[in-house]
Amino acid sequence: MSVLYPRLLRGRIDALFEEYASVVSPAELTVRASVHDDAAVYVATGGTRVLPDRLDDLAASVRVLARQHGYPYAATRTTEFDVALARLLHGTMDIAPAEAASREVWAFLSLVLMPDVAWWRYPNPPGDRVKNTDITRHVFGRLWWRAELVHDTTLADPYEALTVLGEADFDQVYARRAQIGASPKIVRNLLLVWRSLRDSGELNGVNEREAFRSMLTQLRRVVPFLSLNALDDDALVAELDRTARQAVSAIRAADLA
Amino acid sequence: MTDTPFSFAPARPRPAWESQQYPPEGASAAEGIRSQLGRPALDLLTVLVREAAQNSWDARTDEAGVDVHFGLDLYTVGAAHANTWRALLLEGCPRNAEHFPLRTSLGRNSIRVLAVSDRGTKGLGGPTRADAVTDGPRDFVTFVRNVGEPRDTQLGGGTYGFGKGIFFMLSRAHTVLIHTRTRHQGRLQTRLIGSALAHSYTESVVGRGEARYTGRHWWGMVSEGLVEPLVDAEADEMAERLGLAPFGADETGTTVVVVDPEIDEDLGSPGDVGDYLAETILWQLWPKMLPRVDGRPAMTFHVTVDGQDHPVPDPALTHPVQMFVEAYRRMNGPESRQLASGRPKRLLGVLGLHDTFVLPWTLTRAAESAGFDDTLVHHVCLMRSAELVVTYAKGVKPQAELKGYAGVFRVDPSMDEVFARAEPPTHDAWNADSLPPDERRYVKAVTRRLTEAQQEISGLRVVVGSEGREMALGAASNYFSDLVRGSSGFGGRHAAFESRTRDDNDPRTTGRTLASRPGRTQAPAHAIAAQTLPRVRVEYVGDPFHTHHHDRPALVQEFKLTGEATVRLDARLSIATSIDATGRDRDGTDQPQPLGWVTPDGTTILGPSALVRNDGHGTWRLLVRPTEDTMTVVEIEAEAVRP
Amino acid sequence: MTRVAYPYLRPHQAAVEPSAWTLVLGDEPVVLPEALDTWDYNLDLRLRRSIRVDVETIRAQCRLPEEAVLDVCVVWRSSGSGLFGRAAAEHLTEPGVAELDLEVVIPGSVVGGVLDIDTVVVLATPCARVDPLAPWRAGSMIWEQRSSIRLQGDASQFPISVIDFAGTSLPEGAAWHLQISGSLESAAMGSLLLLVNARHKQVAEAFGNAGKPRPVDRLVLSAVHADIARVMVEHALASDEFDDDAEYDEETLGAMLRDVFVRVFGQRTVKDVRLRAKDNPSLVATEVQAAVNIFGGDR
């Protein structure tokens, strides 16, 4: 049974964003944080509306985590914070992917439930960090999706792959996810393939980030005619491995030339 | 001065009473002033605690490190002092006890007083005469002389000076002693004066026949017909003789001694009265006991009865007041909700709600005075910016026996004045009807919003502990959709990722052609050329097919050209990217290469572009070298040119 | 205008012949519609189709080596969730012509918006590159066909949740409760919720069957519908903010109540109806019944 989360109406999103623009310090937003907004709506059916207590608990746990990373003062070790927050959000929200794909749900979290945390993580945030413009950039939404795409419930630590890639590289996968048609299975295997290349020394001497991006470019070229989603795990890993190796050798060749 | 009522009395060395005669232009009768508070709904002691504490709060010095302290001491004047009281405090007063009930009070075996004191406050400062003009404080005049003067304290608790009436109402002698220490003209000054607000009366005066008196009397040093307070050493000495607690060296503040207070006998023993006072402070003033930012409480309190201390319970530990403390915390935290009026849209204030199981508790007199009739807690504590309890507004009853909720609502500073005007002199309610019509709506809106919030909290309980059933309700939802016409459903427009659904012409569905993109549908001749040159259009014949060229894989795209003209042909090739094959890679070094063109008569022209003569008949071919393992996108442009 | 070319040979479209997709709702399969307006996250999609694959022709026309393994798969993509997934995969092991019945279930919780369902024939494993024009990489699409279904549109829907009233403070014996919270300015989809008691079999079943209601379900739904309309009208009348001059923003509770009010009472003023409700509340309730066409045959 999935939990339905409030979605913030668009007019309200812009109004709140403008209102908070003049805020000097995130601490000022603590008083604006709330579990309720008159302009929040729910999808008509399909789950149980989240209880205010639960929203409250969620915000409280996020703040506890934030405090460990400097909140309400300047954020420290943000990479570590993001990974921990990805686990927390994905592990506790019980939100269906289709709900989590609603940018207005995330806007509710960043503008109503925890504006203080959002503004603390991204002081003077550009709109896409806190509004409903781009889920791949959203302070909270992108982390939930990051966890959704890599988690594997058969592992002792389902979120172990969260740390394989740095934020910037993951953002690349994330941004191109739709283009390469990546299901969570593909993203997860992509990360595993990359890690095993790295572990076996195949990436020594190449600019890893450049190689990774080159692999994504290669993938974008093959997906018009290769259906990765149709493949069994073994075949999928083999194709991803082939593509990754091609990208790495292309980089090596370019370096030589 | 001969016409003033006091002119006949020569200055006397000892303090004495002076009674106010009606001046020719009239004055307020004492009864009228006493009753300015109206007939309070609350009992007198509760009103006194609220009013006095508000006045004390408003009078705070706000000096760093100085706490506002508020105390109530109920005691019997000791035998040693009682004689002084009887000797000095009847000096110069009317003979008739009906006109001056202090006579009766002091005639009793024991003299009972309630000393209401504050420290860390400014004391009653400023000039002592009402006619003195000053830019500074006028607290003394306001309290001792004037009647119902508006206060100017910003966002203060007691908006009118009516509150002092309660001291005189509570006193059966209608008499108080005012002992204050204040900063005056650069130094600390102690002042002591008596004041009575009894009954107006008529009395014969030697040589003048009948005279009418207002019932207002002052006790102090008469100077130029005006009663001035005892000051400095004189005041200290007198206070000592009367057994009043002295001020510390640097201390400022005020003690109002209510003579012969009327205490309801139902309250029981003096000890019970002490508990009642302590609990009344708890219920009525708990917001002032909470720690401020620096961790110190805003105000401290003490209650003694006959020297016995009655500690004021800690609100954070005392049930059920602690529920309100928690609601207060939520009101100031992220769980707060803002209540706003609809038309016009104005922020009214913030609400904190706390719902929980209510532990069993005993309904005390003080709780009853605060508006609780049983041990159910379903109240919202209303306050203005000063954070003094206005009242506990009862709401929707809790849905289960042991459930309850407490709320705290605080008016937004921008609305403070409106709500202040809606309060009666006792500050214990918001009456919309006492406001002009355009402001009534705000008070009404608060009532409504509170009810909504309370209903919501009851409503929310509805879902607690009950998991929704996994049942597809889309159809049912549609059945009822006519009742929410105009609201948006949710769907594709919430898609997180740009979704490019494939066109009907998707080659993978039809095996034919990719969607043409808007704005790029054709390769039209340039506008200028169009005037003189014919239009040439490319019509593809089928999809590209595979072949070999010089033993390597190649693609062939067949096409026809319309229009007789000399035509320039250009091949634009790219690699399709992304799962919908809608992306284009044109940048790589490994792009597909146009090998050349074959004319309808079989002539081969090498290179990416060609200048040819078209007669409008026959099939042309473009030959392409594809890039391995990529999907090739072919686009042919044709343009008529001058031969 | 562009044309695209796969990097390998592909068979004639006719080498694969699928039947139409059928959607299994309840017991009865229907041809997959363009839109399924009865869908929500709790509805898993069960789809069936049969498919005939001329494996021999494919092998020949694509010049595939003997060992090449072909699969028929169903992969989907949801615009609502942005997710992709595989719903079925069958090996085509038999030589000659294979005939298969595909049955897939796509969980409602992972999709939304528009759902694309692709039936594809792919190389299941990589194979030797005997012919430069032959497909060789695993996943190479040899044939594909897309079907799409819209699961969510932006049409209005009434918020409903089925719960067990025993876990609540609502009377256990009640069948439904319309929760209206918030001010008239708050968003309707946030402040309205119809709670249906799961314990009340007859009513809960009617809601479950609303897509294909039995006669008894129709009566229940119509009765609840009329009751909800009545409660909304009463709520409006009881709110002194609801008056003739009020203007409400779109999508607010006030706008919804106004819409229902106008449908029931036409041009009559709020003031007038309020007076009527005071004098004769039961008549107003009956007027609501008439306006929403209770038990009407055409609903």
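Calculation rules
Residues numbered from 1 in each chain as written. Chains lettered and ligands numbered in written order. Predicted model: local features only at pLDDT ≥ 70, side-chain atom pairs only at ≥ 80, totals over all residues. Heavy atoms only, no water. Core = buried A, V, L, I, M, F, W, Y, C linked by side-chain atoms within 4.5 Å. Buried < 20%, exposed > 50% of the residue type's maximum accessible area, 1.4 Å probe, protein only. Helix = DSSP H or I, 4+ residues; strand = E, 2+ residues; numbered from the N terminus. Phe/Tyr/Trp six-rings, centres within 6.5 Å; stacked < 30°, edge-to-face > 60°. Axes fitted to C-alpha atoms, helices over the stretch in contact; angles between N-to-C directions. Parallel < 35°, antiparallel > 145°, perpendicular 65-115°, else oblique. Left-handed = near helix turned anticlockwise from the far one by under 90°. Contact = heavy atoms within 4.5 Å. Domains from an automatic or database assignment. Nonpolar A, V, L, I, M, F, W, Y, C, P; charged D, E, K, R; others polar. Pairing = 2+ DSSP bridges.

(A) Quick peek at the nonpolar core. In terms of nonpolar packing, the biggest core is built from 151 residues, with Phe140(A), Trp145(A) and Trp194(A) touching the most fellow members. Of the residues forming this core, the biggest block, eight residues, is contributed by helix 5 (residues 103-113) of chain A. Counting residues in each nonpolar core, the second largest holds 74 residues, with Val256(B), Ala367(B), Met383(B) and Ala406(B) among its members.

(B) Region of interest: the packing of aromatic side chains. Tallied over the full model, the rule gives 29 aromatic pairs over all chains. When the centroid spacing of 6.3 Å and the interplanar angle of 50 degrees are considered together, the rings of Phe17(A) and Trp119(A) count as tilted. A residue pair is termed long-range when its members are at least 10 positions apart, and Phe17(A) in helix 1 (residues 10-21) and Trp119(A) in helix 6 (residues 115-121) qualify at 102 residues. With a centroid separation of 5.7 Å and 65 degrees between ring planes, the pair formed by Phe242(C) and Phe261(C) is classed as edge-to-face. Here Phe242(C), found in the loop between helix 4 (215-238) and helix 5 (253-265), pairs with Phe261(C), found in helix 5; they are 19 residues apart in sequence, far enough to count as distant.

(C) How the structure looks around the packing of helix 2 (residues 52-67) of chain A against helix 3 (residues 78-92) of chain A. All names here are of chain A. Axis separation between helix 2 and helix 3 bottoms out at 10 Å; the angle between their running directions is 160 degrees. It follows from the interaxial angle that helix 2 and helix 3 lie roughly antiparallel. Along this stretch, helix 2 crosses helix 3, giving a crossing that reads as right-handed. Residue-level contacts link Arg54, Leu58, Ser61, Val62, Leu65 and Ala66 of helix 2 to Phe81, Ala84, Leu85, Leu88, Leu89 and Thr92 of helix 3.

(D) Structural view of the domain arrangement of chain C. We note that the domain assignment places domain 1 (13-150) and domain 2 (160-291) within chain C. Each of domain 1 of chain C and domain 2 of chain C has a C-alpha centre, and these two points are 45 Å apart.

(E) Seen up close, the packing of helix 3 (residues 201-208) of chain C against helix 4 of chain C. All names here are of chain C. As a packed pair, helix 3 and helix 4 sit with axes 9 Å apart at the nearest point and diverge in direction by 95 degrees. The angle between the axes of helix 3 and helix 4 places the two elements in the roughly perpendicular class. Contact with helix 3, carried on its side by Gln202, Val203, Glu205, Ala206 and Phe207, involves Val216, Asp217, Val220, Leu221 and Val224 of helix 4 and no other residues of that element. Residue classes in the contact of helix 3 with helix 4 are distributed as seven nonpolar, one polar and two charged.

(F) Representation of the sheet that holds strand 18 (residues 537-549) of chain B in the model. Residues and elements named next belong to chain B. The five strands are arranged 18-19-25-22-23 in an open sheet whose pairing can be described as antiparallel. The sheet is open, and its two borders are formed by strand 18 and strand 23 (604-606), each paired with just one other strand. On average, adjacent strands in this sheet sit at an angle of 25 degrees to one another, irrespective of strand direction. Two elements, strand 19 (residues 552-562) and strand 25 (residues 620-625), share five bridges in a ladder whose sense is antiparallel.

(G) Examining the side chain of Asp217(C) more closely. Residues and elements named next belong to chain C. With respect to the helices and strands, the residue Asp217 is situated in helix 4. A relative accessible area of 1% places Asp217 in the buried class. Excluding residues that lie within four positions of it along the chain, Asp217 makes contacts with Glu205, Ala206 and Asn209.

(H) Structural detail: the sheet that holds strand 7 (residues 84-92) of chain C. Residue and element names in this part refer to chain C. Strand order in the open sheet made by the four strands is 7-6-9-10, with antiparallel pairing throughout. Every interior strand has two partners, whereas the edge strands, strand 7 and strand 10 (141-150), have only one. Averaged over neighbouring strand pairs, the angle between their axes works out to 15 degrees when direction is ignored. Looking at chain direction, strand 6 (residues 70-78) and strand 9 (residues 114-123) are connected through nine bridges and run antiparallel. Residue pairing for strand 9: Trp76 is matched across the bridge by Ile117.

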